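Remarks on the overall topology
The primary structure of each chain is shown beneath.
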Amino acid sequence: MQLALLARLLSVGRAVLAALRGRLGALCWSLAPLSLSLSLSLPLSGWRDSAPRPQREQEWDDAPPTPTSVNYHFTRQCNYKCGFCFHTAKTSFVLPLEEAKRGLAMLKEAGMEKINFSGGEPFLQDRGEFVGKLVQFCKQELELPSVSIVSNGSLIRKLWFEKYGEYLDILAISCDSFDEDVNILIGRRQGKKNHVENLHKLRQWCREYAVAFKINSVINRFNVEEDMNEQIKALNPVRWKVFQCLLIEGENSGEDALREAEKFVISDEDFDRFLDRHKDVSCLVPESNQKMRDSYLILDEYMRFLNCRNGRKEPSKSILDVGVEAAIKFSGFDEQMFLKRGGKYVWSKADMKLDW
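A brief structural summary. Model, not experiment: these values are computed from the prediction. (Residues numbered from 1 in each chain as written. Predicted model: local features only at pLDDT ≥ 70, side-chain atom pairs only at ≥ 80, totals over all residues. Heavy atoms only, no water.)

Some details on the environment of Lys291
The test is simple: Numbering of helices and strands runs from the N terminus; a helix is a DSSP stretch of H or I covering at least four residues, while a strand is a stretch of E covering at least two. Contact definition: two residues touch when any of their heavy atoms are within 4.5 Å.
Note that Lys291 resides in helix α9 (residues 289–293). Placed 47 residues apart in sequence, Lys291 and Gln244 show a C-alpha to C-alpha distance of 9.7 Å. When near neighbours in sequence (up to four residues on either side) are disregarded, Lys291 contacts Pro286, Met337 and Arg341.

Here you go:
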């Protein structure tokens, strides 16, 4: 009993020290002359952010937004090949687990209430153990109100739920069509595994282990005419997030992109027709390109905020180098649009009062 208590106190102490280190980094960064700001960084133990980044001017007088809800794309690797993917496998880098935890503690200190782990495919790294340990850390040690994952679902095993399910608030599974031929056209399939059948299996596991179930769908040229009313109502997710296919230069569009998503793009009118067809689905949460582009706080694999305002992902310094407050000023995050699109909702499963 005493050893367990001591281990927990040591873990909390490490998280507090990590957060203080981040605040010190932010202070040093803010005091540095602007002409030196692009080269200043604090030393890290065993890891440095050496990835290239563009130089951009920034108004330093603006009050930084609060990172209430953060999407951490800790890996870019994926076992699917979705043609419209806008966070592609440009690197294979993944932070060491303890460095990732240090950054998460810094975000909590800066005001984070919700963390969403994404990719790539989060369950590829260490067969789901990496994301499982981060989920447990965020819920048990940081005591975040909401911890969620976005996954294609193909690699999740029931054993993972048995080990980590209690720490997870929301599991979002990406499903763009209930027609397997369409999923194949999109690239949302690996081998002979049926994506839709697997979706129903995951839905049942979420019920068994008291994890709120969510569905994400990207509406594109191949599924825009589909009627999903019956299937979505049968699955009964807490939220059905419906995105309009988005082009990001250097990711799914342009000469240096790994995907060519132009053939997937639909017009605003096409998207509106799809939404009108599904207006009676109570859990529908639509997000057009306009709402989506600037209303998400996205951290990449180096824990750099990604600014999408210019139609491509321009990275900040890593929060591990300069702290959250300094890095977030480069994020391009529109806090008002985040609230307007309903970015803050009842996101803790303890508050959802669901009938498991």
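Digging into the pattern of salt bridges
Quick note on the threshold: Salt-bridge detection follows one rule: a side-chain nitrogen of Lys or Arg within 4 Å of a carboxyl oxygen of Asp or Glu. For each residue, the accessible area found with a 1.4 Å probe, counting protein chains only, is set against the maximum for its type, and the residue is called buried under 20%, exposed over 50%, and partly exposed in between.
What the rule picks out here adds up to 19 salt bridges. When the shortest N-O distance is used, the salt bridge between Asp300 and Arg304 registers 2.8 Å. Of the two residues, Asp300 and Arg304, both sit in the buried class. In the salt-bridge network here, residues are joined through shared partners; they are Arg221, Glu225, Asp270, Arg273 and Arg277.

Considering the pairing of strand β5 (residues 212–219)
Here is the key point about a regular strand: its side chains alternate between the two faces of the sheet. Using the following cut-off: Whether two strands pair comes down to DSSP finding at least two bridges between them. A clockwise course of the path from the first strand over the helix to the second, judged with the strands pointing away from the viewer, identifies a crossover as right-handed.
Across the 8 residues that make up β5, a large majority, 8, are buried. Of the two faces of β5, the one lined by Ala212, Lys214, Asn216 and Val218 and the one lined by Phe213, Ile215, Ser217 and Ile219 are each fully buried. As paired strands, β5 and strand β6 (residues 239–244) are joined by 6 bridges and run parallel to one another. When the bridges of β6 are listed, Lys214 appears paired with Arg239. Note on the crossover from β5 through helix α7 (residues 229–235) to β6: the handedness is right-handed.

Comments concerning a negative patch on the surface
Defined as follows: Excluding any residue in a salt bridge, patches collect residues exceeding 30% relative accessible area, merging like charges within 9 Å and nonpolar Val, Leu, Ile, Met, Phe, Trp and Tyr side chains within 5 Å. What sets the accessible areas is the Shrake-Rupley method with a 1.4 Å probe; for residues, cover comes only from the shown protein chains. In summary, the charge assignment counts Lys and Arg as positive and Asp and Glu as negative, without counting His or the chain termini. We put the charge of a Lys on NZ, of an Arg on CZ, of an Asp on CG and of a Glu on CD.
Taken together, Glu249, Glu255, Glu260 and Glu262 make up a surface patch of like negative charges. Here Glu262 shows up in the loop between β6 and α8 (268–277). In this structure Glu262 comes out as partly exposed when scored by relative accessible area, which is 41%.

What to know about helix α6 (residues 195–208)
Formally: Each residue after the first adds 1.5 Å to the expected span of a helix. Whenever two N or O atoms come within 3.5 Å, that pair is a polar contact, provided that in protein one can donate a hydrogen and the other can accept it, and provided that, for residues adjacent in sequence, both atoms are side-chain atoms.
For α6, built from 14 residues, the straight-helix expectation of 20 Å at 1.5 Å per residue is met to within 8% by its first-to-last C-alpha distance of 20 Å. Along α6, the positions that sit buried rather than exposed are His195, Val196, Asn198, Leu199, Leu202, Arg203, Trp205 and Cys206. Two or three places before Val196, at the start of α6, stands the capping residue Asn194, its side-chain oxygen 3.0 Å from that residue's backbone nitrogen. Positive phi appears at Ala210, one or two residues downstream of α6, with a value of about 55 degrees.

Details of the packing of aromatic side chains
Our working definition: Geometry of aromatic contacts follows a simple scheme: Phe, Tyr and Trp rings, the Trp one being its six-membered ring, pair when their centres are within 6.5 Å, and the pair is stacked under 30 degrees between planes, edge-to-face over 60, tilted otherwise. Placement of a charge over a ring requires the Lys NZ or Arg CZ to be within 6 Å of the ring centre, with the centre-to-atom vector within 35 degrees of the ring normal.
Taken as a whole and assessed by the stated rule, the structure comprises 15 aromatic pairs. An aromatic cluster of three or more residues is present, and its members are Phe123, Trp160, Phe161, Tyr164, Trp205 and Tyr209. The ring of Tyr296 has Arg341 sitting right over it, with the charged end atom 3.8 Å from the ring centre.

Concerning the packing of helix α2 (residues 97–109) against helix α3 (residues 129–141)
Think of two packed helices as two axes; the pair is described by the angle between the axes and how far apart they sit. We count it as follows: Axis angles are defined between N-to-C directions and span 0 to 180 degrees, where every axis is a line fitted to C-alpha atoms and, for a helix, only to the segment in contact. Helix crossings fall into two classes, left-handed where the near helix is turned counterclockwise from the far one by less than a right angle and right-handed where it is turned clockwise. In the scheme used here, Gly and all other residues not listed as nonpolar or charged are polar, with Ala, Val, Leu, Ile, Met, Phe, Trp, Tyr, Cys and Pro taken as nonpolar and Asp, Glu, Lys and Arg as charged.
For the pair α2 and α3, the least separation of the axes is 11 Å and the interaxial angle reads 35 degrees. You can see that α2 and α3 cross each other, and the crossing is right-handed. On α3, the residues that touch Leu97, Ala100, Lys101 and Leu104 of α2 are Phe130, Lys133, Leu134, Phe137 and Cys138. Of the residues in the contact of α2 with α3, the class split is 7 nonpolar, no polar and 2 charged.

Side note on the environment of Asp227
With respect to the helices, strands and loops of the structure, Asp227 is situated in the loop between β5 and α7. For Asp227, a relative accessible area of 45% translates into the label partly exposed. In this structure the C-alpha to C-alpha distance between Asp227 and Arg277, which are 50 residues apart in sequence, comes to 7.2 Å. Filtering out sequence-adjacent residues up to four positions away, Asp227 remains in contact with Arg277 and His278. A distance of 2.7 Å separates a polar atom in the side chain of Asp227 from a polar atom in the side chain of Asn229.

Some remarks on the nonpolar core
What counts, and what does not: Nonpolar core, defined: a set of buried Ala, Val, Leu, Ile, Met, Phe, Trp, Tyr and Cys residues in which side-chain atoms within 4.5 Å join the residues together.
Among the nonpolar cores identified, the biggest contains 69 residues, and Tyr72, Leu104, Ile115, Phe117, Trp240 and Ile319 are the most heavily contacted of them. Per element, the largest residue contribution to this core is 6 residues, and it comes from α3.

Looking at the pairing of strand β10 (residues 314–318)
Buried residues dominate β10, accounting for 5 of its 5 residues. Pairing geometry for strand β9 (residues 304–307) and β10, over 3 bridges, is antiparallel. Across the sheet, Asn307 pairs through a bridge with Glu314, a residue of β10. Between the end of β9 and the start of β10, which pair antiparallel, lie 6 residues, with Gly311 showing a positive phi angle near 85 degrees.

With respect to unusual backbone geometry
Put simply, Gly119 and Gly120 share a cis peptide bond, and its omega is 15 degrees. Mapped onto the fold, Gly120 is located in the loop between β2 (114–118) and α3. A positive phi is found at Arg127, a non-glycine position, where the angle reads about 55 degrees. Mapping Arg127 onto the fold places it in the loop between β2 and α3. Phi is positive for Asn236, close to 50 degrees, though the residue is something other than glycine.

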